[in-house]
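Understanding the architecture of this molecule
Below are the chains, spelled out letter by letter.
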Amino acid sequence: MSSYRKVVIACLSFFVVTHFCLAENPDGGMYPISTLHKLPLKKAGLKISETDIYNPNGTGILQAIVQIGGCTGSFVSGEGLIITNHHCAFSSLAPYSSTINNLFEKGYLAKSMKTELPMKGLTCKILEDHSDVSSEVLAGTDTIKDVIRKEAMIEKNMDHVRQLAQLKNNKIEIEVSEMLPGKSYLLFSYKVINDLRIVYIPPRDIGEFGGETDNWVWPRHTGDFSFIRAYVNKTGDGAGYDTSNIPYEPKEYLNINATGLDVGDFVFVLGYPGRTYRQEPSGFLKYQEEYQLPFISELYEWQINTMLQLGKSDSAYQIRQDPRIKSLANVMKNYKGKLQGLKKLDLYKTKQADDQALAAKIKDPANSRKYLETLKNIDSTYNLAEKEYKKYAWYNRLLIDDYFIKISHVVDLYKAIIDTDNNPEPKIRMTYSKQLREYYRNMYIRFDTMYFAKMLLDASSFDASDKPLSLEEVNSKITDPSRAIAASKLLDSSYLIDIILNKPSKILKLKDPFVQLAHIYYNDAKRLDSTEAIYKTRIEALTATYIDLKMDALQEEFVPDANHTLRLTYGYIKGYSPRDGVYYEPFTTTEGMIEKNGKNPDYNANDSLMKIFKLNMHNEQIAHHDVPLCLLYNTDTTGGNSGSPVLNKYGQLIGLNFDRNFEATINDYAWNDKYSRSIGLDIRFVLWELNSVAGAKNILNEMFIDN
Ligand code: ASP
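Residues numbered from 1 in each chain as written. Predicted model: local features only at pLDDT ≥ 70, side-chain atom pairs only at ≥ 80, totals over all residues. Heavy atoms only, no water.

Along its length, the protein chain carries 23 helices and 19 strands. Scaling as 2.2 N^0.38, a compact globule of 707 residues should have a C-alpha radius of gyration of about 27 Å, and the protein chain matches this with 27 Å. Within the protein chain, buried positions represent 56% of all 707 residues. When contacts within the protein chain are restricted to residue pairs at least 6 apart in sequence, long-range pairs at least 24 apart make up 79% of them. Just so you have it, the protein chain exposes about 30900 Å², and 52% of that area is on carbon and sulfur atoms. Treating the 84 positive side-chain charges of the protein chain as one cloud and the 89 negative ones as another, the clouds have centres 3 Å apart. (Helix = DSSP H or I, 4+ residues; strand = E, 2+ residues; numbered from the N terminus. Rg over C-alpha atoms; globule rule 2.2 N^0.38 Å. Buried < 20%, exposed > 50% of the residue type's maximum accessible area, 1.4 Å probe, protein only. Contact = heavy atoms within 4.5 Å. Areas by Shrake-Rupley, 256 points an atom, 1.4 Å probe, with all protein chains shown as cover. Lys, Arg positive; Asp, Glu negative; His and termini not counted. Charge placed at Lys NZ, Arg CZ, Asp CG, Glu CD.)

This part takes up the pattern of salt bridges. Evaluated as defined, the whole model comprises 31 salt bridges. Across the pair glutamate 557 and lysine 38 runs a salt bridge whose closest N-O atoms are separated by 3.4 Å. Taken as a pair, glutamate 557 in the loop between helix H19 (513-554) and strand S14 (567-572) and lysine 38 in the loop between strand S1 (31-32) and helix H1 (41-44) lie far apart in primary sequence, 519 residues in all. The same class applies to glutamate 557 and to lysine 38, which are both exposed. Measuring nitrogen to oxygen at the nearest pair gives 3.4 Å for the salt bridge that ties aspartate 159 to arginine 162. One end of the pair, aspartate 159, and the other, arginine 162, are both in helix H6 (residues 147-168), 3 residues apart, so they sit about a helical turn from each other. Through salt bridges with shared partners, a single network forms among Glu105, Arg204, Glu208, Asp322 and Lys326. (Salt bridge = Lys/Arg side-chain N within 4 Å of Asp/Glu carboxyl O.)

Attention shifts here to the nonpolar core. Grouped together as the largest cluster of nonpolar side chains are 88 residues, with contacts concentrated most on Trp394, Phe452, Phe514 and Tyr521. Here this core gets 16 residues from one element, more than from any other, and that element is H19. Every residue in contact with phenylalanine 452, bar those within four places of it in the chain, is listed here: Leu398, Asp402, Ile405, Pro481, Ile485, Phe514, Leu517 and Tyr521. Membership of the second largest hydrophobic core comes to 68 residues, among which are Ile33, Leu41, Ile83 and Leu609. (Core = buried A, V, L, I, M, F, W, Y, C linked by side-chain atoms within 4.5 Å.)

With that out of the way, let us pick up the sheet that holds strand S17 (residues 645-647). In space, the 8 strands of this open sheet follow the order S1-S14-S13-S17-S18-S19-S16-S15, with antiparallel pairing throughout. Each having just a single partner strand, S1 and strand S15 (587-589) make up the two edges of the open sheet. By the bridge criterion, 2 bridges tie strand S13 (residues 266-271) to S17 in an arrangement that is antiparallel. By the bridge assignment for S17, valine 269 is matched with valine 646. Packing against the sheet, helix H22 (residues 683-694) makes contact with strand S16 (628-633), strand S18 (653-660) and strand S19 (678-682), and its axis sits at approximately 35° to S19. (Pairing = 2+ DSSP bridges. Axes fitted to C-alpha atoms, helices over the stretch in contact; angles between N-to-C directions.)

Right, let's talk about the site of the ligand for a bit. The local shell around the ligand consists of His87, Trp216, Thr638, Gly639, Gly640, Asn641, Ser642, Phe658, Asp659 and Arg660. The separation between an oxygen atom of the ligand and a polar main-chain atom of glycine 640 is 2.8 Å. Take serine 642: an N or O atom from its side chain is 2.5 Å from an oxygen atom of the ligand. Considering the ligand on its own, with 270 Å² of exposed area, one finds that the protein chains cover 93% of that surface. If you tally residues by element for the shell around the ligand, the top one is S18, at 3 residues. The class makeup of the residues in the shell around the ligand is 2 nonpolar, 6 polar and 2 charged. (Near = heavy atom within 4 Å. Polar contact = N/O pair within 3.5 Å; in protein donor to acceptor, adjacent residues only side chain to side chain. Nonpolar A, V, L, I, M, F, W, Y, C, P; charged D, E, K, R; others polar.)

Relative to the elements of secondary structure, lysine 351 occurs in helix H11 (residues 347-358). Residues contacting lysine 351, with those up to four places away along its chain left out, are Arg278, Gln279, Glu280, Pro281, Ser282, Leu285, Tyr546 and Lys550.

Attention now moves to the side chain of threonine 665. Within the secondary structure, threonine 665 sits in the loop between S18 and S19. Classification of threonine 665 as buried rests on a relative accessible area of 0%. Residues contacting threonine 665, with those up to four places away along its chain left out, are Trp216, Asn334, Gly337, Lys338 and Arg660.

This part is about the state of the cysteines. Scanning the model with the defined rule gives 1 disulfide in all. Between cysteine 71 and cysteine 88 runs a disulfide, and the two sulfur atoms are separated by 2.2 Å. Where cysteine 71 bonds to cysteine 88 through sulfur, the torsion about that S-S bond is close to -85°, and the disulfide is left-handed. Taken together, the positions of cysteine 71 in strand S3 (residues 71-75) and cysteine 88 in helix H3 (residues 86-89) put the pair 17 residues apart, joining distant regions of the chain. As far as burial versus exposure is concerned, cysteine 71 and cysteine 88 are alike and both buried. Cysteine 124 carries a free sulfur, and the closest cysteine sulfur to it, the one in cysteine 71, is 12 Å from it. (Disulfide = S-S within 2.5 Å.)

This part is about the layout of surface pockets. The calculated volume of the second largest pocket comes to roughly 1400 Å³. Around the second largest pocket, the lining comprises 49 residues; the ones closest to its centre are Gln279, Glu556, Glu557, Phe558 and Val559. For the lining of the second largest pocket, the secondary structure elements donating two or more residues are S1, strand S8 (173-180), strand S9 (184-193), H11 and H19. At 7 residues, the largest contribution of residues to the lining of the second largest pocket is made by H11. Across the lining of the second largest pocket, the residue classes tally to 25 nonpolar, 10 polar and 14 charged. (1 Å grid on protein atoms, 1.4 Å probe; cavity = no way out; pocket = protein on both sides within 12 Å on 5 of 7 lines; lining within 4 Å. Points joined across faces, edges and corners; volume = space filled by probe spheres on them.)

Quick look at the pairing of S19 now. Of all 5 residues that make up S19, 5 are buried, and the element is covered over most of its length. Relative to S19, S16 runs antiparallel, the two sharing 4 bridges. Within S19, the residue paired with leucine 632 across the bridge is isoleucine 679. In this sheet, S19 lies alongside S18 in antiparallel orientation, the contact comprising 5 bridges. By the bridge assignment for S19, glycine 655 is matched with aspartate 682.

Here we come to the environment of threonine 222. Take threonine 222: it is sitting in the loop between helix H8 (211-214) and strand S11 (226-232). Sequence-wise, threonine 222 and lysine 43 are 179 residues apart; in three dimensions their C-alpha atoms are separated by 33 Å. With near-sequence residues (within four places) excluded, threonine 222 lies in contact with Ile206, Gly207, Glu208, Phe209, Leu629, Cys630, Phe658 and Leu681. Within the structure, the side chain of threonine 222 is placed 2.8 Å from the backbone oxygen of phenylalanine 209, a separation counted as a polar contact.

In this section: the confidence of the model for the protein chain. The predicted coordinates should not be examined in detail at positions where pLDDT is low. Per-residue confidence for the protein chain averages 91 on the pLDDT scale, and 94% of its residues sit at or above 70. The low-confidence segment residues 1-25 (pLDDT under 50) makes 73 contacts with residues lying over four places distant or belonging to another chain. This stretch, residues 620-624, has a pLDDT under 50; its non-local contacts, to residues over four places away or in other chains, come to 5 contacts. (pLDDT = per-residue confidence, 0-100.)

The next thing to look at is the packing of helix H9 (residues 282-312) against helix H10 (residues 315-345). Viewed as axis vectors pointing N to C, H9 and H10 meet at an angle of 155°, and their least axial separation amounts to 8 Å. Between H9 and H10, the angle falls in the class roughly antiparallel. Crossing angle aside, the handedness with which H9 passes H10 is left-handed. (Parallel < 35°, antiparallel > 145°, perpendicular 65-115°, else oblique. Left-handed = near helix turned anticlockwise from the far one by under 90°.)

In structure tokens form, the structure reads like this:
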């Protein structure tokens, strides 16, 4: 634990000073922690030593960083207090929220540890150690010529290395991650904490101000933060929720600096970025642009609109679906941004030309031939995969998203068991009934019916070769989907669960058309899945060769694509020009929130918040200046970096990363200083909100801020 914590609050300044002093810029890059010592961080502006960030022989800032669900967070107190984004935590309010007491809207503050709310299903991971296991993973693969066999061997070795390490210590979670395919593999060990509790989630009109209108958009005015606490059992293990658990004492926690930054100031971000695809060949971009991105974004758009429509007449459903809609909308807009970027930058064509041009740079003629051959094979495999894409994606999305079809499938599987044993063990009965209960909980039959009908209709207009294999057969069984579902026995959950638990043999008599239909669907999907898996493995293996030859030709070390492992990225506070004649400043304040308020339903700060703003406007201390709100900086971030700490040159917390600008959604394929910006929340807004809006003195005190 850090013995000395200095919280710079004395000169809490709400003035936004803009003097221009840009230092040299990096070319983007999410650097693995194993490469930190190679980075010119000092030259770029860092004022502490690299070992203050990562110290292989002691503690460093890294130990304050956690992966939390699909996001990042950081410890800000010695008692397990974690700061992350509102959007990373708010869905945990679902079990506590109702139409009468809608905590999604109101938010929640625990004034003491006793009133903190357990977060179901969310865990956090803290990196304990990492090591290079490339030689173990690649052992024996050198001599394998066949790319698919080689890939299979690598995967087997990765698993073996992981299992061996796991056997040595079952208190930590081991992961082996591919950093560069066929080249570099790291073993990570994590402490996992399963007991997390909500400390503070701000009201929605702060945490999500601007909603979907402002998501992936700058200028931004969203107070996207929340506080969570991690608990462990008395022996320090990250066990599940228990009232006797105690707050976790992290090895490190972050110092806060509330003095504010200027344009051009150095910042760095630590976090767990999810996936980027910068090393992929051009064929990948074509696949994304022509198939995956349009299919998914259109489908999600339909789902969102339908859920919103259904929610209008059923507020309980509306509340339940809120987090789901938010996450679908987040992906949809991101994909639309990517599509726009791909087209605007003509990225596929540019990459294709680059890929071809590289052959000339490869000195060894045999390698040059191999490179061209590999490119050709990659393209032809993508062509084959593209042919199956529509069918494959159609099945996938139907079977993942339609709970009625999922229920039908569980019944079909249970039937298969009873066919061979009409008196299954209680454990089997329990497993199936539990699964069904979960699906019934998630099913909203109006949505599932509409979705199924839409999917059938979509498929009927596909070209013959894109049509789902079993469509004709299904059509002959079910002509009117809505009517057929309404008449189905499967809608009766108690009837079905009773059969599963107490009268298993009765299931054989159930002649519901949807059970047969699920049978047909799942078999077709399985066949397509295995074809897809072959293409995928082949592409992965060929891509490894492609990267290897490319690296050799360019004589460069590539920064590995993001893969959910801890990374550091650095840059500067910096605005950008989204289009000709327009320049965006890198700071916003609450003034912008007030200006936007009421313009559309996404801008709906409630009256009391507006009153507080107005009061503050007349507060002597801040003398009519507004509270700083959001920041823009040119670091290299992606999904998973939400909640990542934004740190200044002294490694102190100055903000919370939560988004990117619309143009930067294309980052995942190509980062560029012209358009790639990350969006963060200024820590001064968090402190102001805790003090002036939430009245959360307990949190401020815990972070050692004396008010
Ligand atoms: N909004 C993203 C997230 O949820 C962050 C990003 O993609 O830049 O992780």
